[in-house]
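# Summary of structural features
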Amino acid sequence: MATEPRELPQRDALFTTVSGQPIKPLYTEEDLPESPADAIGLPGEYPFTRGVYASMYRGRLWTMRQFAGYGTAEESNARFRYLLDHGQTGLSTAFDMPSLMGHDSDHPRSEGEVGREGVAVDTLDDMETLFAGIPLDEVSVSMTINAPAAIMLAFYVVAAERRGIPPERLAGTIQTDILKEYIAQKEWCFPVDPAMRLVGDLIEWCSEHMPRWHPVSISGYHIREAGATAVQELAFTLKDGLTYVEQAVARGLDVDDFAPRLSFFFNAHIDLFEEVAKYRAARRIWARELRERFGARDERSLLMRFHTQTAGVSLTAQQPLNNIIRTTIEALAGVLGGTQSLHTNSYDEALALPTEEAVRVALRTQQIIAHESGVPNTVDPLGGAYFVEALTDEMERAAYEYFAKIDELGGMVEAVKRNFPQREIADAAFRFQQEVDSGQRLVVGVNAYQNPDDEPLEILRIDPALERKQMDRLASVRAARDAAGVEAALAALREQAARPAANLMPALLDCARAHATEGEIVGSHQDAFGTYAEAPVF
Amino acid sequence: MEASASQRKIRVVVAKPGLDGHDRGAKIIARALRDAGMEVIYTGLHQTPEQIVATVVQEDADAVGISILSGAHMTLIPRIMELLAGEGIDDVVVTVGGTIPAEDIEELKRQGVAEVFTPGASTQDSVDFIRRAVGERRAPAVQGD
């Protein structure tokens, strides 16, 4: 450690980041990396600490991409159009829990959950309704779905195909990051190994047919929401990403054929500088690993491009308007950290899905940062700041420490099977809660500055009739389709699933064309793959 | 019989119904209850009401803490209450934690849920509540541990 600063008067407070990282009272030149020119460099140049593009927001602002979806495809289509009408520049689809778990809306496990936390998509027909009237060859579309990602992509590709738009013209992202599902988000359909194969199938197929598509969005968001520290989010996410690269290379793909299309998705938590340091460290690690370890030659393979969402977990049900301020700080972290796209949470999301008004305020927050704050006027305004550079180095060092631990366990797949990241996250979540419960860490409105007579907020209620409506939609698809065609497509899929060397995407596209349901397709996989249940740890 | 029942450790099932994977709260509560000296059985994720009630019966639980953030609480929790009643169980303290709107809280309590903890509740509140409520349902004279 560098020289101790002279004794300064200090308040009685916790001088650590929200992740528990101790922070010194003062950072100076001595805290900069040994050769700052190499470690920090310039934006758009290796190791990309200061940003993936030379011009950053001077060239083009980040994409404002609000995550939305509820009810049936009709309601969500209306919300999408509303967002596009209000200046949003990309779409991001939230699916409901049954869709994420591979259950049809009429499955007994789906009862009460259809359209509640996202949109219900059971068949190609729902996907067509969801994007009706939206120019799919112009608007980039993100879909947050993982275990059944290949199925949803097949629905999407066929929906576009029927409108005369070929897959090579589709731009967007599908999340597909199954490792973080086992680690944190916990929406799964299959055991880890066959699920990893499906990720490989999707990457491989997209590298051949969808040059404008991001086949995986390697996600730290949910890891962080589950209670991880910033370092854990950074380390586990990058290790997941490196594992997908390893697997694709092992399947015989050239790293430069797919790595330029890998993208990332991070959380923006409330600790402004820690978040900025996290993004900067992430870019540096990714560029180094892709170049040094995987021998990528195409510079685009080295660029860690990422989407950011502000931290849902930082929002409070108490005094919800305060959440607008939290979200603003977090959005600023994403922008100061060089994000390529951003979702800002709505102030009422600790209570329910957001109302239209709350969504509009969230979008306006981004627009104010973009057009009024002056922050995007210069590239990486925090670059070279003693504190930020020191924290960036520290995050990087700590991430490599985790990489070493995971390697000792036999890699990320093995570590996940042994619950290693799961346990680390649960420990961190518990420590944080203890800090809040003991009053060491203050959360405004929760354990400090409470308002006893908070007015209840008008919240969005999802009409329970929407579940019935979706079940009716599904029933009419089932009734109208050619049952023999569905059976044939599913049988072909089962047969391909049992052959580990086959790529399942062509069979999945056929299932989509035959109007097979998501649940039927998942079931056909499960015949070959089996199912998954975790050994719960706490 | 009664004395041994009231002296034994409080047994709590922490249950996670619904299809969502938000288990941060459930795990924190499970750990806090365990640290407070209770015996905790955590069901793991994605449990059906039938599975949860079977666990409560099998573990001879004093309390069940249901953590739910899937939005399906008004479907799944009434089902759990119904199944518990069907088993003739009326002495298990049922608590719920999650994002539950105020009017739903009233309805759940009417159906026999003892308490609902919403975002921002401290773990100590849950620990204290369960200890007190279980104590009251055991021999009324034997309070506390």
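Source: prediction; values computed, not measured.

### Quick notes on the overall build of chain A
Summing up its helical and strand segments, chain A has 21 helices and 10 strands in all. Taking 2.2 N^0.38 as the reference for a compact globule, 538 residues should give roughly 24 Å; the C-alpha atoms of chain A span a radius of gyration of 23 Å, in line with that estimate. Taken along the three principal axes of its C-alpha coordinates, chain A extends 80 × 60 × 45 Å. The buried share among the 538 residues of chain A stands at 53%. At a minimum sequence separation of 6, the contacts of chain A that also span at least 24 residues come to 76%.

### Some remarks on the overall build of chain B
When helices and strands are counted, chain B shows six helices and five strands. Written out in order from the N terminus, the α and β elements of chain B read α-β-α-β-α-β-α-β-α-β-α. Relative to a compact globule of 145 residues, whose C-alpha radius of gyration would be 15 Å, chain B shows 14 Å and is just as compact. Its C-alpha atoms give chain B principal-axis dimensions of roughly 40 × 30 × 25 Å. Expressed as a percentage of the 145 residues in chain B, the buried residues total 48%. For chain B, the share of sequence-separated contacts (at least 6 apart) that also reach a separation of at least 24 residues comes to 73%.

### As for the packing of helix 13 (residues 322-336) of chain A against helix 14 (residues 356-371) of chain A
Residue and element names in this part refer to chain A. For the pair helix 13 and helix 14, the least separation of the axes is 10 Å and the interaxial angle reads 45°. What the angle tells us is that helix 13 and helix 14 run oblique. Along this stretch, helix 13 crosses helix 14, giving a crossing that reads as right-handed. Between helix 13 and helix 14, the contacting residues are Ile324, Thr327, Thr328, Ala331, Leu332 and Val335 on the first element and Val361, Ala362, Thr365, Gln366 and Ile369 on the second. Residues that form the contact of helix 13 with helix 14 fall into these classes: seven nonpolar, four polar and no charged.

### A short note on the nonpolar core
Residues and elements named next belong to chain A. Formed by 189 residues in total, the largest nonpolar core has its most connected members in Ala154, Phe155, Leu508 and Cys511. A per-element tally of this core places helix 6 (residues 149-161) first, with 12 residues. Not counting the four nearest positions on each side in its chain, Cys511 is found in contact with Ala154, Ala489, Leu490, Leu493, Ala516 and Ile521.

### A few points about the environment of A:Trp62
Residues and elements named next belong to chain A. Tracing the chain through its elements places Trp62 in the loop between helix 2 (56-59) and strand 1 (63-64). The exposure class assigned to Trp62 is buried, which follows from the 23 C-beta atoms found within 10 Å. In this structure the C-alpha to C-alpha distance between Trp62 and Ala281, which are 219 residues apart in sequence, comes to 20 Å.

### Here's the deal with the packing of helix 19 (residues 483-497) of chain A against helix 20 (residues 505-513) of chain A
All names here are of chain A. At a minimum axis separation of 9 Å, helix 19 and helix 20 run at an interaxial angle of 165°. One finds that helix 19 runs roughly antiparallel with respect to helix 20. Crossing angle aside, the handedness with which helix 19 passes helix 20 is left-handed. Listed contacts from helix 20 to Ala489, Leu490, Ala492, Leu493 and Gln496 of helix 19 are Ala507, Leu508, Asp510 and Cys511.

### A look at the interface of chain B and chain A
Listed by partner, the interface residues are 27 residues for chain B and 32 residues for chain A. When residues of the side of chain B that touches chain A are traced back to their parent elements, those giving at least two are helix 2 (24-35), helix 4 (73-86) and helix 6 (123-137) of chain B. Looking at the side of chain B that touches chain A, the element that brings in the most residues is helix 2 of chain B, giving five residues. Across the side of chain B that touches chain A, the residue classes tally to 10 nonpolar, 12 polar and five charged.

### Brief notes about the sheet that holds strand 9 (residues 306-310) of chain A
All names here are of chain A. The strand order across the open sheet formed by five strands is 1-10-9-8-7, and the pairing between neighbours is parallel. Here the strands that pair on one side only, and so sit at the sheet edges, are strand 1 and strand 7 (217-219). Direction of pairing for strand 9 relative to strand 10 (residues 341-343): parallel, over a ladder of three bridges. Directly across from Gln309, in strand 10, lies its bridge partner His343.

### Re the confidence of the model for chain B
Per-chain confidence: chain B averages 91 in pLDDT, with 91% of residues scoring 70 or above. Confidence metrics for the complex model read pTM 0.95 and ipTM 0.90.

Quick notes on the rules
Residues numbered from 1 in each chain as written. Chains lettered and ligands numbered in written order. Predicted model: local features only at pLDDT ≥ 70, side-chain atom pairs only at ≥ 80, totals over all residues. Helix = DSSP H or I, 4+ residues; strand = E, 2+ residues; numbered from the N terminus. Rg over C-alpha atoms; globule rule 2.2 N^0.38 Å. Buried ≥ 20, exposed ≤ 12 C-beta atoms within 10 Å, placed from the backbone. Contact = placed C-beta atoms within 7 Å. Axes fitted to C-alpha atoms, helices over the stretch in contact; angles between N-to-C directions. Parallel < 35°, antiparallel > 145°, perpendicular 65-115°, else oblique. Left-handed = near helix turned anticlockwise from the far one by under 90°. Nonpolar A, V, L, I, M, F, W, Y, C, P; charged D, E, K, R; others polar. Core = buried A, V, L, I, M, F, W, Y, C linked by C-beta atoms within 7 Å. Pairing = 2+ DSSP bridges. pLDDT = per-residue confidence, 0-100.

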